[in-house]
Amino acid sequence: MTGVAPALGGTQDRDASRVPVHGLTVLYDADCSLCTFLRDWLVRQSQLVPLELVPASSEEARRRFPGLDHRATLDEITVVGDSGQVYRGAAAWIVTLWALREQRPLAHRLSTPAGARLAKGAVLAAAKWRGAQWGPGRWGGGVYQQGDGWTYDPHRGWTYTAPGCTDGSCATG
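Within every chain, residues take consecutive numbers counted from 1 along the sequence as written. Only residues with pLDDT of at least 70 get local features here, since the model is predicted, and only at 80 or more are side-chain atom pairs given and counted; chain-wide, interface and lining totals rely on the full set of residues. By convention in this description, side-chain values take in all heavy atoms of the structure and omit both hydrogens and water.

(A) Broad picture of the sheet that holds strand 3 (residues 78–81). Spatial ordering of the open sheet is given by 2-1-3-4, a layout of four strands whose pairing is mixed. The sheet terminates laterally at strand 2 (51–55) and strand 4 (86–88), the two strands that pair on one side only. The mean angle between the axes of side-by-side strands here comes to 20 degrees, regardless of whether they run parallel or antiparallel. Whether two strands pair depends on DSSP finding at least two bridges between them. Helix and strand assignments come from DSSP, with helices taken as H or I runs of at least 4 residues and strands as E runs of at least 2, each series counted from the N terminus. Of the pairings in the sheet, the one linking strand 1 (residues 24–28) to strand 2 comprises five bridges and is parallel in character. In the strand pairing of strand 2, Thr 25 is matched with Glu 52. What makes two residues a contact is simply this: any of their non-hydrogen atoms within 4.5 Å. To define axes, lines are fitted to C-alpha atoms, for helices over the stretch in contact only, and angles between the resulting N-to-C directions are given on a 0 to 180 degree scale. Each of strand 1 and strand 2 is contacted by helix 1 (residues 33–44), which is oriented at about 155 degrees to strand 2, the strand it contacts most. Sheet strands in contact with helix 4 (residues 89–98) are strand 1, strand 2, strand 3 and strand 4, and its direction is about 115 degrees off that of strand 4.

(B) Molecular detail of the packing of aromatic side chains. A pair of aromatic rings is counted whenever rings of Phe, Tyr or Trp (Trp by its six-membered ring) have centres within 6.5 Å, and the orientation is called stacked for planes under 30 degrees apart, edge-to-face for over 60 and tilted otherwise. For the structure shown, the criterion picks out zero aromatic pairs. Two thresholds decide whether a charge sits over a ring: the Lys NZ or Arg CZ must be within 6 Å of the ring centre and within 35 degrees of the ring normal. The residue whose ring lies beneath Arg 104 is Trp 98, and the NZ or CZ to ring-centre distance is 4.1 Å.

(C) Up close: the nonpolar core. Among buried residues, those of type Ala, Val, Leu, Ile, Met, Phe, Trp, Tyr and Cys that are joined through side-chain atoms within 4.5 Å constitute a nonpolar core. The cut-offs for exposure are 20% and 50% of the maximum accessible area for each residue type, with area from a 1.4 Å probe on protein chains only; residues under the lower value are buried, those over the upper are exposed, and the others partly exposed. Membership of the largest hydrophobic core comes to 24 residues, with the highest contact counts inside it found for Leu 24, Val 26, Leu 51, Leu 53, Val 79 and Tyr 87. Contributing elements (two or more residues each) for this core: strand 1, helix 1, strand 2, helix 4, helix 5 (104–110) and helix 6 (113–134). Of all the elements, helix 4 adds the most residues to this core, at five residues. Not counting residues up to four positions away in its chain, the partners in contact with Val 26 are Leu 51, Glu 52, Leu 53, Val 54, Ile 77, Thr 78, Val 79 and Thr 96. Ala 56, Phe 65, Leu 68 and Val 80 belong to the second largest nonpolar core, which has eight residues in total.

Have a look at this one:
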């Protein structure tokens, strides 16, 4: 697990061997039933490292972490350490488990090469489950449309149409 400090404005890795983690902020999708179930489970666990749970892409998350790609935090679990470390995907799950008293041994096993494959598989399975639950108008069902020009169709993937280019005849600079 390595921190990715540049996402928060730094230019170098934080040197995990010298900078201890005293707290973690877990950004979770508040509109996802699996995510809120896991949030509730996390707050009931004995924590060796304090966890703060903040809805991803919320005003609080944007205020606290202005350098993050907040749209991406809705797509993939993101955990931010108190010294600017950023963990995503499987690494985020592993560091979250590492913060819990009863789960730290599991986190150590998942941080091995074989364990990392298992953790990645669990993250992908959760993502697939989330996609199946969202239904029409959200990822995994129907078409997702955002006012910024991006459209996602589960069968065709992402497409972008710049404002004013709906007929495909836009000037290119």
